[in-house]
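Observations on the model geometry
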Amino acid sequence: VPKILVRTRCQERRTSVIDVVARQIVAIVGRPKVGKSTLLQRILGGRKAIVDPQSGLTRDRLYGVADWSGREFTVVDTAGLDLDNAQDESRAAIEAQTKVAIDQAHVIVLLLDVRQGLTAVDREIAILLRRSGRRVLVAANKADSPSGRGFAHDMLELGFDSPPLLSAQHGI
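Residues numbered from 1 in each chain as written. Predicted model: local features only at pLDDT ≥ 70, side-chain atom pairs only at ≥ 80, totals over all residues. Heavy atoms only, no water.

**Points about unusual backbone geometry**
For clarity, the threshold we go by: Only DSSP runs of H or I reaching four residues or more are called helices, and only runs of E reaching two or more are called strands; each is numbered from the N terminus. With a 1.4 Å probe rolled over the protein chains alone, any residue whose accessible area is under 20% of its type maximum counts as buried; one over 50% counts as exposed, and the rest are partly exposed.
The phi dihedral of Lys33 is positive, around 70°, even though this residue is not glycine. Take Lys33: it is sitting in the loop between strand E3 (25–29) and helix H2 (36–44). Accessibility expressed as a relative area gives 37% for Lys33, which makes it partly exposed. With phi around 55°, Ser69 is a residue other than glycine that occupies positive phi space. Here Ser69 is to be found in the loop between strand E4 (62–68) and strand E5 (71–77).

**Description of the pairing of E3**
In plain terms, the rule: Here the rule is simple: two strands pair whenever DSSP picks up at least two bridges between them.
In terms of burial, E3 is largely enclosed, as five of its five residues are buried. Across the two faces of E3 the burial is the same, with Ile25, Ala27 and Val29 and Val26 and Ile28 all buried. Pairing geometry for E3 and strand E6 (residues 107–113), over four bridges, is parallel. When the bridges of E6 are listed, Ala27 appears paired with Ile108.

**Overview of the environment of Glu157**
Selection rule: For this analysis, residues touch if any pair of their heavy atoms sits within 4.5 Å. For this analysis, a polar contact is any N or O atom pair within 3.5 Å, provided that within protein one partner can donate a hydrogen and the other can accept it, and provided that sequence-adjacent residues contribute only side-chain to side-chain pairs.
The topology assignment puts Glu157 in the segment after strand E7 (135–141). Between the C-alpha atoms of Glu157 and Leu118, which are 39 residues apart in sequence, the distance is 8.7 Å. Contact partners of Glu157, with chain neighbours within four places excluded, come to Leu118 and Arg123. A polar contact of 2.7 Å, which involves the side chain of Glu157, links it to the side chain of Arg123.

**Side note on the sheet that holds E5**
We apply this condition: For helices, the fitted line uses only the C-alpha atoms of the stretch in contact; every axis is such a line through C-alpha atoms, and the angle between N-to-C directions lies from 0 to 180 degrees.
Pairing within the open sheet is mixed, and its five strands lie in the order E4-E5-E3-E6-E7. For this open sheet the edge positions go to E4 and E7, each flanked by a neighbour on one side alone. Going across the sheet, the axis of each strand differs from the next one's by a mean of 25°, ignoring polarity. Summarising the sheet, E4 and E5 pair through seven bridges and their orientation is antiparallel. Each bridged residue has a counterpart across the sheet, and for Gly64 the counterpart in E5 is Val75. Against the sheet, helix H3 (residues 89–104) engages E3, E4, E5 and E6, with an angle of about 145° to E3. Helix H4 (residues 120–132) rests against E3, E6 and E7 of the sheet, and its axis sits at about 170° to E6.

That is the geometry; function is a separate question.
If you want it as structure tokens, here you go:
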């Protein structure tokens, strides 16, 4: 069985692929630049993902094992979905990786950017996730300050439960 290196809070260890698959899987999904990789790092407590102002750096699924209140789960960082621009072959292949993560997940976190508000792509992703039949939790990221939360009420338009406001970068 191949081994992969995963990072958990305050420790590193080798875990088999079978161990990773046996846990509940939580996929972080959203359009590009909403903070998916930053949220993965915050959950794992370390730097596993590349975070950069340039869009499109996450291309494959990135897995890590996290512990929340004594319960381990696998968290998956995905490439940003831009369903409007999936016509080119490489972009379509990248987005296919995200769709695999959606199919494997037990729970999906739809991450939105509260500063930018809802976009047409966010709405399309919400429809895709609703059709997946998976449990979807919406989170509104980049809520660093009260002035940056102007579009929080728009998130309710998607028809999911009221999303928590958070800042993956600052841990709030």
